[in-house]
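A structural walkthrough
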Amino acid sequence: MSTQTLVGEKESGAKPTVVNDFSIQVATINGSGSQSSNSVLMRAIFQMGVPVSGKNLFPSNIQGLPTWFTIRASKDSYIARKRDVDMLVAMNPQTAREDVQSLKPGSAVVYEQSLGLDNVRDDVVFYPVPFAELAKDVIDEPRLRKLLANMIYVGVVGQLLSIEKEEIRAAITKQFKAKAKAVELNVKAINVGFDYAEKKLTKADPLEIERMNETAGKILIDGNAAGALGSMFNGVTVVTWYPITPSSSLVESLIDYMKVYRIDEKTGKATFAVVQAEDELAAIGMVLGAGWAGARSLTSTSGPGISLMSEFVGLGYFAEIPAVIWNIQRVGPSTGLPTRTAQGDVLSTYLLSHGDTKHILLFPSSVAECFEFGGTSFDLAERFQTPVFVMSDLDLGMNIWMSDAFEYPEKPIDRGKVLDAEALAKVDDWGRYKDVDGDGIPHRTLPGTNHPGAAYFTRGSGHNDYAEYTERPEDYEKTMMRLSRKFDTARNAVPGPVLDEVDGAKIGLIGYGTTHWAIVESRDQLRNESDLAASYLRIRALPFNDELEAFVSKYDRVYVIEQNRDAQMLQLIRLELAHRPELLAKLSSVLHFAGHPIDARSVTEELVAQEYPAE
Amino acid sequence: MSTQTLVGEKESGAKPTVVNDFSIQVATINGSGSQSSNSVLMRAIFQMGVPVSGKNLFPSNIQGLPTWFTIRASKDSYIARKRDVDMLVAMNPQTAREDVQSLKPGSAVVYEQSLGLDNVRDDVVFYPVPFAELAKDVIDEPRLRKLLANMIYVGVVGQLLSIEKEEIRAAITKQFKAKAKAVELNVKAINVGFDYAEKKLTKADPLEIERMNETAGKILIDGNAAGALGSMFNGVTVVTWYPITPSSSLVESLIDYMKVYRIDEKTGKATFAVVQAEDELAAIGMVLGAGWAGARSLTSTSGPGISLMSEFVGLGYFAEIPAVIWNIQRVGPSTGLPTRTAQGDVLSTYLLSHGDTKHILLFPSSVAECFEFGGTSFDLAERFQTPVFVMSDLDLGMNIWMSDAFEYPEKPIDRGKVLDAEALAKVDDWGRYKDVDGDGIPHRTLPGTNHPGAAYFTRGSGHNDYAEYTERPEDYEKTMMRLSRKFDTARNAVPGPVLDEVDGAKIGLIGYGTTHWAIVESRDQLRNESDLAASYLRIRALPFNDELEAFVSKYDRVYVIEQNRDAQMLQLIRLELAHRPELLAKLSSVLHFAGHPIDARSVTEELVAQEYPAE
Amino acid sequence: MSTTAKQPPAPPKKVNRLGLAQADYRGKPSTLCKGCGHDSISNQLIKAFYEYGVEPHRVAKLSGIGCSSKTPAYFLSKSHGFNAVHGRMPSVATGAVLANRDLVAVGVSGDGDTASIGIGQFVHLLRRNLPIVYIVENNGVYGLTKGQFSATADLGSKLKTGVVNELPAVDLCGLAVELGATYVARSFAGDPKQVVTLMKGAFGHSGTAVLDIISPCVTFNNHAGSTKSYTWGKENEELIQDVGFVPFFDEIDVDYDEGEAKKVKLHDGSSIILKKLERDYDPTNRRKALELLLDSDEKKQFLTGLIYLDTKKENLIELLDVVDEPLATLPLDRVRPPKSALDDVMESLK
Amino acid sequence: MSTTAKQPPAPPKKVNRLGLAQADYRGKPSTLCKGCGHDSISNQLIKAFYEYGVEPHRVAKLSGIGCSSKTPAYFLSKSHGFNAVHGRMPSVATGAVLANRDLVAVGVSGDGDTASIGIGQFVHLLRRNLPIVYIVENNGVYGLTKGQFSATADLGSKLKTGVVNELPAVDLCGLAVELGATYVARSFAGDPKQVVTLMKGAFGHSGTAVLDIISPCVTFNNHAGSTKSYTWGKENEELIQDVGFVPFFDEIDVDYDEGEAKKVKLHDGSSIILKKLERDYDPTNRRKALELLLDSDEKKQFLTGLIYLDTKKENLIELLDVVDEPLATLPLDRVRPPKSALDDVMESLK
Ligand SMILES: Cc1ncc(C[n+]2csc(CCOP(=O)(O)OP(=O)(O)O)c2C)c(N)n1
Ligand SMILES: Cc1ncc(C[n+]2csc(CCOP(=O)(O)OP(=O)(O)O)c2C)c(N)n1
Ligand code: SF4
Ligand code: SF4
Ligand SMILES: [Mg+2]
Ligand SMILES: [Mg+2]
């Protein structure tokens with residue numbers, strides 16, 4: 001059932017070779033400084049022209065607990081998580097035995113010699129390395145030795161996989177920028193590892209990195225940084241936040257970028273304001289205040305923060321105030337698993353707040369889409385005068401993804417229906433909440449507008465077309481029906497689904513967000529291994545548009561693939577298609593919700609099991 | 001189309017008489033002291049043995065804005081709102097003309113003479129009364145005159161409707177308890193009104209109150225007081241709250257009752273603790289702390305408070321802590337219409353908090369059920385170790401309903417699976433979150449339990465069977481699947497739906513909460529006026545059990561009747577029945593969501609329109 | 001010593017330095033109880049804005065939820081207003097000022113809105129020294145939800161229902177001085193001269209100006225159970241009980257001099273003691289201000305006047321070093337870096 | 001003046017007045033960074049509980065979210081623990097104590113948990129004088145989310161990232177004294193003698209006891225950019241930057257006398273000045289306590305010791321006048337009034 005390509009089997013008659021198609025997992029302890037080693041290793045492979053992706057599985061603490069970083073090399077450019085690990089670098093005594101146990105036969109294990117792992121099993125390849133000892137050759141300072149031991153494994157692994165030393169050196173230079181001493185010491189460590197492997201280890205596994213040309217022009221970036229860039233290049237001016245994993249790095253990246261690229265040349269002053277709020281209630285309150293006053297304003301948070309924002313978001317919906325909220329989803333409920341990924345907030349975010357509320361949600365699948373939605377989210381928030389959520393997740397937000405370089409946004413931004421003093425002068429009988437255009441979207445003015453008729457009173461209580469307080473049933477009903485109409489208008493204004501249909505396919509797959517990458521790969525597996533063609537619809541936003549119904553109509557069975565327990569998107573699809581009950585019987589779920597990013601193999605197995613149920 | 005019974009038409013040949021079947025609406029200004037007059041009028045009718053109900057439509061301010069109090073007398077014991085008003089008492093100059101305009105022809109209008117309303121239209125009966133003038137005969141003090149003018153209209157209306165003076169006097173005595181001076185002054189006012197009507201007004205409307213015997217043993221009470229009583233008689237010990245309309249009176253009643261009935265005889269100390277919290281986040285936090293420590297603990301709130309509780313409620317779900325939350329729903333979103341009724345929080349409360357969460361919801365329809373669910377909510381919260389919501393609304397909570405007297409709860413309360421030191425000693429290898437019984441419900445211990453093995457650590461982060469911190473996928477999945485199982489167990493433990501099926505009916509109606517009373521009446525209208533038999537299922541809780549599916553299966557068309565814009569319960573029903581798509585086509589909605597309580601006539605009209613669509 | 005009824009001032013024929021009449025600063029008719037202290041404060045705001053001469057379109061009126069929080073609808077109809085959610089106005093105001101630093105932000109809140117549910121946001125607003133005039137219409141109760149105690153209710157005070165407040169009052173001025181506000185004053189709604197003066201001072205200040213204004217709730221402090229209850233209520237106790245009748249009161253009006261202590265009788269017959277700061281009091285000494293507040297607290301007096309002033313501390317907008325123009329309306333070319341910037345970043349990620 | 005490494009104390013063979021060994025008060029192994037001040041405090045709690053002789057089953061450990069808030073798992077395994085949501089532990093603690101007044105409530109929080117997101121609940125906890133020992137493990141940063149400033153960060157302090165804190169620090173002891181806590185102390189995690197003594201005093205107190213304990217974060221205060229940075233870090237600045245490496249530190253240990261001021265060097269090379277209260281200082285004078293805090297603030301010192309004590313004020317449980325037994329476990333016949341009561345009520349509604 002493996003999709004790994006075995007090369008060279010024929011030619012040499014010797015051990016098969018697995019080229020550019022495997023995962024390396026480094027098991028360490030967090031806070032031990034292995035992050036840069038992992039980056040260097042990944043980048044070196046990337047520089048060899050081989051597509052890579054990196055996933056960090058880290059604990060919710062700062063130091064001393066197990067961490068696994070997995071680098072996937074994939075000649076086919078698959079960048080989802082690969083379920084099986086092919087090479088393990090076992091540096092963590094706490095988990096080493098269990099880590100080794102969980103490998104599939106034939107895997108390779110590089111490990112700290114003193115851990116004595118070679119007695120754990122005999123169907124994997126062991127490469128013992130005395131890292132601690134070797135580190136002494138690199139540096140005297142005992143604390144730094146620990147650090148450099150990590151760099152030594154990069155050397156060892158590099159040698160075992162035939163990664164060119166020059167590329168590792170280049171990666172180090174990139175990692176440590178211009179810091180000569182650091183570069184020098186780390187290169188020294190790499191060499192020690194390389195030499196040791198060359199002299200003392202006998203290659204006995206099939207894994208190999210071979211130069212390709214698949215990464216030219218590509219970048220490596222995490223989704224949070226990409227979202228930050230997208231926001232910066234689309235005019236964000238007010239940013240508020242309260243730190244929470246896995247969302248903090250979005251704002252932290254944004255600050256870093258804006259300090260460089262958003263300082264006014266003439267005055268040296270900032271064209272933005274960032275405030276670390278006292279909590280998420282304050283963060284969203286500030287965003288709404290700023291949105292009301294006309295700024296492109298965003299905040300970024302995760303589950304607990306979303307829950308805390310609930311009351312204010314209802315105000316945003318009802319009083320019609322633009323706001324952008326990035327929800328970098330993590331595993332809930334409650335504090336849940338703060339450093340694990342999920343798509344568990346779809347329903348609760350869609351319906352966030354009491355009363356009849358519904359919100360626009362965007363689901364980026366890629367870092368490029370994080371960049372793109374950095375702008376889309378503002379355009380929609382200002383056009384529809386409502387909170388817009390960008391539903392990313394920990395996997396997308398914090399892991400390292402390969403992507404085409406982002407394209408510079410050439411088109412102007414959409415600031416929606418704002419009347420300035422001049423425009424207002426031309427309007428007869430303006431009312432803040434009047435639906436003049438029939439699309440449910442009224443016209444607004446900004447505070448500070450120098451026109452005697454510009455002022456209006458914003459409130460979360462009952463209001464009429466002129467923003468006056470009212471408790472009249474007919475006024476309330478009118479406002480609520482207009483809000484419904486506005487939401488309908490949004491159906492065709494939000495990014496529509498992306499379709500990839502296959503002639504003759506009997507089944508359809510529906511995915512969204514980070515599920516995408518496992519689906520892409522799984523479709524290939526299904527076709528290649530089970531001769532099963534599957535069309536694919538990727539949802540990019542809520543509310544749905546009609547393409548969903550058309551898609552489901554076409555296929556015999558449609559699987560909604562998502563990362564939560566309760567099949568949350570499937571539920572929304574059912575509601576959307578309730579007027580076509582005959583379609584509902586076609587729908588079922590593939591769920592993956594234990595905190596690790598979804599992988600293609602699990603999807604494929606589940607789909608095959610559902611398509612060909614055992615008698 | 002009127003359901004009013006016209007009596008005496010035959011006998012006298014004179015004007016038809018409408019006996020014990022009409023609504024009286026008193027239009028005043030809030031803060032003007034008309035509340036007690038309205039109560040006296042309603043109670044007098046009640047004491048005449050005629051079923052009554054009272055609905056107060058009041059503004060969200062304290063003084064000076066229009067208020068309408070409507071008393072319905074119904075020989076058939078209909079206690080829903082009646083859409084049309086039959087007699088208007090117009091005391092408020094601000095709205096008098098509009099109020100008169102909105103009457104149906106033939107209605108009666110008692111009004112302050114100086115308002116000169118008789119030129120507004122000529123198809124209603126006008127009874128001008130110089131209330132301000134008359135009040136001078138009652139008392140000198142100018143401010144008190146305003147008050148007593150209100151009591152004078154009770155006399156006028158009483159005389160016009162043939163309410164026995166004795167019963168009004170008795171109602172006054174009840175209202176003002178033993179306060180001799182107050183009773184005396186008010187009785188004087190009544191007499192002035194009575195006399196005036198007798199001497200100066202000519203009865204020209206058909207309305208009449210005639211003695212019946214339909215209220216013996218009945219009580220008049222609002223749902224909030226009923227819920228308070230139910231809680232008090234079922235062992236509530238810790239109460240926390242933050243004032244918010246329309247929920248405040250639940251806790252305020254509870255305090256009043258407990259101060260009398262829950263003071264320890266021997267010590268004079270309270271067997272309860274009430275804390276006014278600083279906000280709803282604190283209120284729910286206290287409830288969870290108390291529930292964790294073993295108390296029956298409740299809080300009461302409305303929409304904005306529910307939204308603020310979102311984060312904590314997720315903790316309650318995931319860490320499995322009993323809590324009872326009364327959601328006295330009002331019109332949302334946001335601040336909405338704080339003094340208007342709605343059923344708009346069904347979806348958001350059911351799914352409250354981020355991540356995969358679901359909660360038990362109870363939907364009382366009557367004051368008797370508020371009383372009953374005062375106990376049921378605790379039994380369920382403690383049995384299922386989870387937050388339980390009682391979904392009342394402003395109409396039920398704050399209006400005056402007639403009911404059979406409540407029955408004393410004889411059966412013991414269910415405190416769920418709690419292990420004390422003794423029980424724990426008999427348990428082998430206890431784990432806080434172990435599913436020993438296969439029902440998904442684990443066993444808990446309370447802090448303070450004197451047993452070395454009793455302690456465990458409660459957290460909203462990942463935990464295993466032994467309440468230990470874990471980030472392991474398999475532990476997380478196990479916990480989440482157990483929580484799902486537990487929720488399934490609840491399906492048959494919560495109050496099941498109440499069925500009233502009619503032989504030969506082709507359509508079914510589904511209602512819940514206060515929709516009930518309009519449905520009861522509408523079913524009679526449908527049968528009597530349109531020969532349309534309708535079976536009825538009243539939902540009393542979420543999650544559903546299988547009776548829902550069975551019910552929908554039986555009928556050709558099923559209408560879900562509710563008071564929100566988005567057909568929230570219908571959506572949940574669709575999801576529940578998604579595995580039987582053929583049932584979905586049967587479902588449609590009757591919605592009523594402008595803030596006034598739903599009435600039978602509107603339901604009937606809508607159902608007839610949907611059943612017999614115009615060509 | 002007497003509290004006299006006050007007539008609403010006749011509209012002046014004059015105009016201010018902007019050529020606007022006082023009427024240009026009016027709002028919609030109030031829907032509060034007759035005699036409510038909050039209405040006095042609205043009138044004082046109208047007067048202060050008029051006299052100070054602020055362009056209405058530059059003002060942003062912000063509030064939370066409560067009777068007090070409704071008042072922004074009752075003044076300055078020509079200014080944008082934002083009635084937010086309960087207790088969270090400070091964050092909304094912060095966002096608005098970040099977006100447009102040219103706005104003159106006026107926040108109106110109640111003691112429940114600020115000291116109960118809102119104390120967290122209030123504390124952090126103070127720390128940030130956001131440029132805003134923040135008025136607390138302090139009546140010690142939740143007016144709009146019918147008279148429960150707030151966190152500024154005095155220890156031992158008693159509700160209509162007989163409930164006694166057993167918890168200490170939060171001193172908002174003390175908090176404000178301690179936590180970073182740079183203009184801190186206390187006054188009484190019935191002292192228009194002082195209130196208007198303090199308001200105008202606040203308009204001129206560029207940092208957080210807290211005005212804690214005692215503003216009696218005529219409805220829910222008028223409890224018959226109090227031994228000091230208002231004569232009329234007392235006599236007719238039996239009658240007015242339970243009927244939901246809200247008697248009309250006239251606004252209280254006081255006038256007293258610097259350094260003077262004045263006992264003011266409230267509608268319910270109870271009284272409070274106001275003590276006006278001496279004319280030569282130096283409000284720039286933080287330590288001194290805190291000590292004075294402790295003093296007056298011990299003497300059960302309300303110290304009125306400008307208690308603390310710091311004109312040197314940078315406000316939030318200055319700290320953030322943003323451009324001089326409103327961020328909200330910067331043109332695209334100033335908020336979208338050039339293509340070369342993206343190229344740069346992309347290069348570094350390759 | 002020197003800060004010396006401290007060995008974990010050897011487990012004593014002795015037992016306390018309840019016949020329990022110190023080991024009976026231990027918790028699970030800590031997962032905090034080596035050298036974290038919070039671990040010192042956990043050990044001090046173990047020692048204090050042991051020495052004071054509290055039955056572990058009577059203790060309820062409560063916390064919010066943060067590195068500090070994790071610590072209740074690391075002491076007293078035989079006590080129930082509750083790790084609530086971020087910043088809202090006070091309400092959970094209040095509920096638990098209301099339910100069972102026999103519980104000895106120990107709350108552990110961080111400065112972010114208490115002074116940022118949690119300041120509202122903290123203020124109201126203080127007002128209520130809930131019987132609880134409330135420990136703030138104060139490091140001026142958000143440890144668990146990787147080192148952002150909290151509201152107790154000192155003005156002008158600088159993060160690893162170079163960001164400078166421009167906002168004034170909230171003085172939790174000042175707030176506590178002002179708002180109603182009845183036992184207020186400050187200490188330093190590296191001074192076990194003083195901390196343990198203050199903890200034992202707090203166990204004996206029946207009201208809100210706030211212990212503001214300065215507890216350095218070895219990881220996120222160890223910024224290479226500081227001019228005072230720790231020698232080792234300084235030398236190898238280039239290397240350790242960017243790598244996510246968390247160096248191990250030994251816990252800081254100090255010992256100094258009453259009345260003494262002591263400069264303590266922190267892991268990052270910066271230092272703070274602790275000033276121990278004089279032996280004859282009388283903590284029962286609120287006014288004096290507040291003035292002292294102002295003094296030490298002006299001198300940029302941290303005043304350590306028992307700053308304020310009020311043994312007379314009723315705590316929340318006493319105020320509520322509840323029965324002596326835990327409410328949670330009252331038998332049904334004491335919490336369900338008799339049938340006659342319901343009959344009464346029904347009669348009144350007829
Ligand atoms: C989240 C939330 N909780 C409760 C309420 C109900 N509520 C409205 S106003 C108010 C108190 C207002 O008191 P205060 O701020 O002192 O204003 P006042 O009416 O006394 O002027 C409350 C509790 C609400 N609107 N929102
Ligand atoms: C509602 C919410 N927002 C944000 C977070 C993320 N978070 C976890 S701990 C923490 C700060 C902890 O700081 P502090 O209380 O000072 O504890 P320390 O780690 O420094 O001991 C934050 C912001 C969260 N868990 N919940
Ligand atoms: S209830 Fe009190 S605060 Fe509210 S308007 Fe009336 S007098 Fe003013
Ligand atoms: S990050 Fe700081 S506060 Fe957290 S455990 Fe490490 S040293 Fe302690
Ligand atoms: Mg108030
Ligand atoms: Mg901290």
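Located above this text is the structure these notes cover.
Residues numbered from 1 in each chain as written. Chains lettered and ligands numbered in written order. Predicted model: local features only at pLDDT ≥ 70, side-chain atom pairs only at ≥ 80, totals over all residues. Heavy atoms only, no water.

**A few points about the overall build of chain A**
Looking only at helices and strands, chain A features 22 helices and 25 strands. Its C-alpha atoms give chain A principal-axis dimensions of about 85 × 70 × 40 Å. A total of 615 residues make up chain A; the buried ones form 70% of that total. Restricting the contact set of chain A to residue pairs at least 6 apart, pairs at least 24 apart contribute 75%. Entry remark: accessible area of chain A is about 19,400 Å², with carbon and sulfur atoms responsible for 50%. (Helix = DSSP H or I, 4+ residues; strand = E, 2+ residues; numbered from the N terminus. Buried < 20%, exposed > 50% of the residue type's maximum accessible area, 1.4 Å probe, protein only. Contact = heavy atoms within 4.5 Å. Areas by Shrake-Rupley, 256 points an atom, 1.4 Å probe, with all protein chains shown as cover.)

**Re the overall build of chain C**
Within chain C, the regular secondary structure consists of 13 helices and 11 strands. The contacts of chain C with a sequence gap of at least 6 include a subset with a gap of at least 24, amounting to 70%. Here chain C displays about 12,500 Å² of accessible surface, and carbon together with sulfur accounts for 52% of that area.

**Brief notes about the site of ligand 1**
In the neighbourhood of ligand 1, 23 residues make up the surrounding shell, with Glu 280 of chain B together with His 38, Ser 68, Gly 112 and Asp 113 of chain C lying closest. Surrounding ligand 1 are residues belonging to chains A, B and C, so the site spans chains. Within the backbone of Val 141 of chain C, an N or O atom sits 2.9 Å from an oxygen atom of ligand 1. Between Leu 144 of chain C and ligand 1, the recorded distance is 3.0 Å, taken from a backbone N or O atom to an oxygen atom. Coverage of ligand 1 by the protein chains reaches 98% of its 590 Å² of free accessible surface. Among the secondary structure elements, those contributing two or more residues to the shell around ligand 1 are helix 11 (303-308) of chain B together with helix 2 (67-70), helix 4 (111-116) and strand 5 (141-142) of chain C. By residue number, the principal contributor to the shell around ligand 1 is helix 4 of chain C, which donates three residues. (Near = heavy atom within 4 Å. Polar contact = N/O pair within 3.5 Å; in protein donor to acceptor, adjacent residues only side chain to side chain.)

**A word on the coordination of the magnesium ion (ligand 5)**
Residues and elements named next belong to chain C. At 2.1 Å from the magnesium ion (ligand 5) lie its protein donor atoms, namely Asp 111 (OD), Asn 139 (OD1) and Val 141 (O). Summarised as a motif, the one-chain spacing of the donors to the magnesium ion (ligand 5) is D-x27-N-x1-V. Of this pair, Asp 111 sits in helix 4 while Val 141 is found in strand 5, placing the two residues 30 residues apart along the sequence. The exposure class of Asp 111 is buried, given its relative accessible area of 1%. On the basis of relative accessible area, Val 141 is assigned to the buried category, the value being 3%. (Donors = N, O, S within 2.8 Å, 3.2 Å for Na, K, Ca; no water.)

**Comments concerning the side chain of Lys 55 of chain A**
All names here are of chain A. Relative to the helices and strands, Lys 55 resides in strand 4 (residues 52-57). Of the polar contacts made by the side chain of Lys 55, one reaches the side chain of Asp 395; its length is 2.8 Å. Leave out the neighbours within four places in its chain, and Lys 55 touches Trp 68, Phe 69, Thr 70, Ile 79, Ala 80, Arg 81, Asp 395, Asn 399, Trp 401 and Pro 597.

**Regarding the coordination of the magnesium ion (ligand 6)**
For the magnesium ion (ligand 6), the full set of protein donor atoms is Asp 111 of chain D (OD), Asn 139 of chain D (OD1) and Val 141 of chain D (O), and the range of their distances to it is 2.1 Å. Summarised as a motif, the one-chain spacing of the donors to the magnesium ion (ligand 6) is D-x27-N-x1-V.

**Considerations on the site of ligand 2**
Near ligand 2 lie 23 residues; those nearest to it are Glu 280 of chain A together with His 38, Ser 68, Gly 112 and Asp 113 of chain D. Surrounding ligand 2 is a set of residues that belongs to chains A, B and D. Between an oxygen atom of ligand 2 and a side-chain N or O atom of Asn 139 of chain D, the distance comes to 3.1 Å. Coverage of ligand 2 by the protein amounts to 98% of the 590 Å² it exposes when considered alone. Going through the elements one at a time, helix 11 (303-308) of chain A together with helix 2 (67-70), helix 4 (111-116) and strand 5 (141-142) of chain D are the ones with two or more residues in the shell around ligand 2. The greatest single-element share of the shell around ligand 2, amounting to three residues, is contributed by helix 4 of chain D.

**Overview of the interface of chain B and chain C**
Listed as interface residues are 40 residues of chain B and, on the opposing side, 38 residues of chain C. Carbon and sulfur atoms make up 56% of the area that chain B and chain C hide from each other, which totals about 2,900 Å². Taken as a group, Ile 62, Gln 63 and Arg 143 of chain B account for 25% of the area that chain B buries against chain C, more than any other trio of residues on that side. For the pair chain B and chain C, the number of links is one salt bridge. The partner of Asp 279 of chain B in a salt bridge is Arg 88 of chain C, and the shortest N-O contact between them spans 3.3 Å. If you tally residues by element for the side of chain B that touches chain C, the top one is helix 7 (residues 180-200) of chain B, at five residues. (Buried area = accessible area lost by both parts, 1.4 Å probe. Salt bridge = Lys/Arg side-chain N within 4 Å of Asp/Glu carboxyl O.)

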